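Residues per chain are reported as follows:
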Amino acid sequence: MGMTLKAHCSVCGYEARVSSGGGMEDFLYNNPQPVLCRKCVAVTDANFAKEPLVCNCCGSEDVSSVEEFHAPRAVDGTSVEDIDHRRRSPDADRRFLCPKCSKFELRFDRVRSYD
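If you're wondering where the values come from, they're calculated on a predicted model, not measured in any experiment.

## Looking at the packing of aromatic side chains
Throughout the structure, instances matching the rule amount to 1 aromatic pair. Each ring, one from Phe-96 and one from Phe-108, has its centre 5.4 Å from the other, and the planes form 80 degrees; the classification is edge-to-face. Note that Phe-96 is positioned in the loop between strand E5 (63-65) and strand E6 (106-114) and Phe-108 in strand E6, a separation of 12 residues in sequence. Owing to a relative accessible area of 1%, Phe-96 belongs among the buried residues under this scheme.

## Here's the deal with the side chain of Asn-47
Looking at the element boundaries, Asn-47 is found in strand E4 (residues 42-47). For Asn-47, a relative accessible area of 13% corresponds to the buried category. When residues no more than four places from it in sequence are discounted, the contact partners of Asn-47 are Tyr-29, Asn-30, Asn-31, Pro-32, Leu-53, Val-54 and Asn-56.

## Some words on the pairing of strand E1 (residues 2-9)
Within a regular strand, the side chains alternate between the two sheet faces. With respect to burial, E1 is a largely interior element, 6 of its 8 residues being buried. Two elements, E1 and E6, share 8 bridges in a ladder whose sense is antiparallel. By the bridge assignment, Lys-6 is partnered in E6 with Asp-109. In this sheet, strand E2 (residues 15-20) lies alongside E1 in antiparallel orientation, the contact comprising 6 bridges. Residue pairing across strands places Lys-6 opposite Arg-17, the latter belonging to E2. Once E1 ends, the chain turns through 5 residues before running back antiparallel as E2, passing Gly-13 with a positive phi of about 85 degrees.

Basis of the calculations
- Residues numbered from 1 in each chain as written.
- Predicted model: local features only at pLDDT ≥ 70, side-chain atom pairs only at ≥ 80, totals over all residues.
- Heavy atoms only, no water.
- Phe/Tyr/Trp six-rings, centres within 6.5 Å; stacked < 30°, edge-to-face > 60°.
- Helix = DSSP H or I, 4+ residues; strand = E, 2+ residues; numbered from the N terminus.
- Buried < 20%, exposed > 50% of the residue type's maximum accessible area, 1.4 Å probe, protein only.
- Contact = heavy atoms within 4.5 Å.
- Pairing = 2+ DSSP bridges.

So this is what it looks like as C-alpha coordinates:
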(Lines give C-alpha, C1' and ligand atoms only; values in the text may rest on other atoms or scores of the structure.)
Protein backbone atom coordinates (compact mmCIF):
# COMPACT_ATOMS: atom_id res chain seq x y z
CA MET A 1 0.00 0.00 0.00
CA GLY A 2 1.27 3.44 -0.90
CA MET A 3 0.79 6.78 0.76
CA THR A 4 1.31 10.47 0.24
CA LEU A 5 3.38 12.12 2.96
CA LYS A 6 3.75 15.76 3.90
CA ALA A 7 7.16 16.81 5.15
CA HIS A 8 7.16 19.90 7.37
CA CYS A 9 9.94 21.70 9.23
CA SER A 10 8.82 23.42 12.44
CA VAL A 11 11.83 25.77 12.40
CA CYS A 12 11.82 27.29 8.89
CA GLY A 13 8.37 26.27 7.63
CA TYR A 14 9.67 24.21 4.70
CA GLU A 15 7.03 21.83 3.28
CA ALA A 16 7.03 19.13 0.62
CA ARG A 17 4.71 16.32 -0.48
CA VAL A 18 6.22 12.98 -1.43
CA SER A 19 5.11 9.43 -2.16
CA SER A 20 5.97 6.36 -0.13
CA GLY A 21 5.28 2.88 -1.50
CA GLY A 22 3.53 1.68 -4.61
CA GLY A 23 0.03 0.50 -5.29
CA MET A 24 -1.18 -3.10 -5.46
CA GLU A 25 -0.68 -3.26 -9.23
CA ASP A 26 2.74 -1.64 -9.53
CA PHE A 27 4.62 -2.06 -6.22
CA LEU A 28 7.12 -4.53 -7.72
CA TYR A 29 8.53 -1.95 -10.15
CA ASN A 30 7.34 1.31 -8.59
CA ASN A 31 8.37 1.88 -4.97
CA PRO A 32 8.81 5.61 -4.39
CA GLN A 33 10.32 6.60 -1.06
CA PRO A 34 11.38 9.97 0.38
CA VAL A 35 14.91 11.13 -0.37
CA LEU A 36 17.01 14.23 0.16
CA CYS A 37 18.08 15.53 -3.25
CA ARG A 38 21.23 17.62 -3.08
CA LYS A 39 20.63 19.15 -6.53
CA CYS A 40 17.06 20.26 -5.71
CA VAL A 41 18.05 21.01 -2.09
CA ALA A 42 14.70 19.46 -1.21
CA VAL A 43 12.86 16.41 0.01
CA THR A 44 11.64 14.57 -3.06
CA ASP A 45 11.11 10.89 -3.83
CA ALA A 46 12.96 8.23 -5.79
CA ASN A 47 11.97 4.79 -7.04
CA PHE A 48 13.68 2.28 -4.73
CA ALA A 49 12.69 -0.56 -7.10
CA LYS A 50 15.27 0.65 -9.68
CA GLU A 51 18.99 1.24 -9.54
CA PRO A 52 20.54 3.71 -9.50
CA LEU A 53 18.35 5.86 -7.29
CA VAL A 54 17.41 9.09 -9.06
CA CYS A 55 15.36 12.06 -7.95
CA ASN A 56 11.88 11.87 -9.47
CA CYS A 57 11.90 15.67 -9.69
CA CYS A 58 15.19 16.51 -11.45
CA GLY A 59 16.70 13.12 -12.39
CA SER A 60 19.85 13.62 -10.31
CA GLU A 61 21.61 10.61 -8.78
CA ASP A 62 22.83 12.83 -5.91
CA VAL A 63 20.13 11.59 -3.52
CA SER A 64 20.10 9.85 -0.16
CA SER A 65 17.28 8.17 1.70
CA VAL A 66 15.89 10.40 4.45
CA GLU A 67 16.51 7.44 6.77
CA GLU A 68 20.22 8.33 6.59
CA PHE A 69 19.45 11.76 8.05
CA HIS A 70 17.29 11.22 11.11
CA ALA A 71 17.97 12.88 14.43
CA PRO A 72 20.39 11.00 16.70
CA ARG A 73 17.64 10.53 19.29
CA ALA A 74 13.91 10.23 18.85
CA VAL A 75 11.57 12.68 20.57
CA ASP A 76 10.96 10.28 23.47
CA GLY A 77 14.70 9.79 24.06
CA THR A 78 14.87 6.38 22.35
CA SER A 79 18.32 5.81 20.92
CA VAL A 80 18.86 5.25 17.21
CA GLU A 81 19.73 1.61 17.91
CA ASP A 82 16.22 1.02 19.31
CA ILE A 83 14.44 2.19 16.15
CA ASP A 84 13.24 -0.44 13.65
CA HIS A 85 15.34 0.26 10.55
CA ARG A 86 13.52 -2.33 8.41
CA ARG A 87 10.74 0.14 7.67
CA ARG A 88 11.58 2.65 4.97
CA SER A 89 8.66 5.04 5.50
CA PRO A 90 9.52 7.71 8.03
CA ASP A 91 7.43 7.73 11.19
CA ALA A 92 5.61 10.84 12.34
CA ASP A 93 7.34 10.83 15.75
CA ARG A 94 10.85 10.92 14.27
CA ARG A 95 12.69 14.04 13.19
CA PHE A 96 14.88 14.34 10.12
CA LEU A 97 17.35 16.83 8.67
CA CYS A 98 15.63 19.73 6.92
CA PRO A 99 17.31 20.44 3.55
CA LYS A 100 16.62 24.17 3.86
CA CYS A 101 17.68 25.10 7.42
CA SER A 102 19.81 22.02 8.32
CA LYS A 103 17.99 21.49 11.62
CA PHE A 104 16.68 18.09 12.73
CA GLU A 105 13.08 19.34 12.83
CA LEU A 106 11.60 17.85 9.64
CA ARG A 107 8.64 15.56 10.36
CA PHE A 108 6.46 13.46 8.09
CA ASP A 109 2.68 13.14 8.33
CA ARG A 110 0.49 10.83 6.29
CA VAL A 111 -1.84 12.78 4.00
CA ARG A 112 -3.58 9.86 2.30
CA SER A 113 -3.19 6.15 1.57
CA TYR A 114 -3.89 4.26 -1.63
CA ASP A 115 -3.83 0.68 -2.93
